[in-house]
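Coordinate analysis (summary)
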Amino acid sequence: MSDDEPKFGYGLGQRPLWSERDRDAERVRDALRGAGLVELSDGRNGFVVEGGGMGQPFLVAFAGPANVVLGDSK
């Protein structure tokens, strides 16, 4: 792999994953997407994953309706 290519490939939307932290944050995002949530973007409420540098925990925030239900309750 060349130096101009991300070491850990690309996440959703071709987000470059340059470090283990980037890769792990993408894994958290994948789990949240798998639970039926969407990422925060212009004009759309959703979740955001931040932090995780220097071995610190990731910070996850969600902006959206309080009545979001995850999974199937059956």
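Structural notes, computed from the coordinates. Because the structure is predicted, anything quoted here is derived from the model rather than measured.

**Remarks on the overall build of the protein chain**
Assigned secondary structure in the protein chain consists of one helix and two strands. Helices and strands appear in the protein chain in the N-to-C order α-β-β. Counting over 74 residues, the protein chain shows a buried share of 19%. Counting contacts in the protein chain only where the partners sit at least 6 residues apart, residues at least 24 apart contribute 21% of the total. Accessible surface computed for the protein chain: about 5,500 Å², of which carbon and sulfur atoms make up 54%.

**Digging into unusual backbone geometry**
Not every positive phi belongs to a glycine, and Q14 is a case in point at roughly 60 degrees. Counting through the fold element by element, Q14 comes out in the segment before α1 (20-34). For Q14, a relative accessible area of 57% translates into the label exposed. With phi around 55 degrees, M54 is a residue other than glycine that occupies positive phi space. Take M54: it is sitting in the loop between β1 (46-51) and β2 (58-63).

**Some words on the pairing of β1**
Strand direction decides the pairing type here: β1 and β2, joined by six bridges, are antiparallel. Bridge assignment links G46 to a residue of β2, and that residue is A63. Between β1 and β2, which pair antiparallel one after the other, the connecting turn spans six residues, and G52 there sits at a positive phi close to 85 degrees.

**Regarding α1**
Side chains that are three or four residues apart share a direction in an α-helix, a result of its 3.6 residues per turn. In a regular helix each residue adds 1.5 Å, so 15 residues correspond to 21 Å; α1 covers 21 Å between its end C-alpha atoms and thus fits that length. Along α1, the positions that sit buried rather than exposed are D22, A25, E26, R29 and L32. Mapping the buried residues of α1 onto a view down its axis gives an arc of 115 degrees, with all of them on the same face. What points out from α1, more than 90 degrees from its buried face, is the exposed set E20, R27, A31 and G34.

Rules used throughout
Residues numbered from 1 in each chain as written. Predicted model: local features only at pLDDT ≥ 70, side-chain atom pairs only at ≥ 80, totals over all residues. Heavy atoms only, no water. Helix = DSSP H or I, 4+ residues; strand = E, 2+ residues; numbered from the N terminus. Buried < 20%, exposed > 50% of the residue type's maximum accessible area, 1.4 Å probe, protein only. Contact = heavy atoms within 4.5 Å. Areas by Shrake-Rupley, 256 points an atom, 1.4 Å probe, with all protein chains shown as cover. Pairing = 2+ DSSP bridges. Expected span 1.5 Å × (residues − 1). Arc of directions from axis to C-beta.

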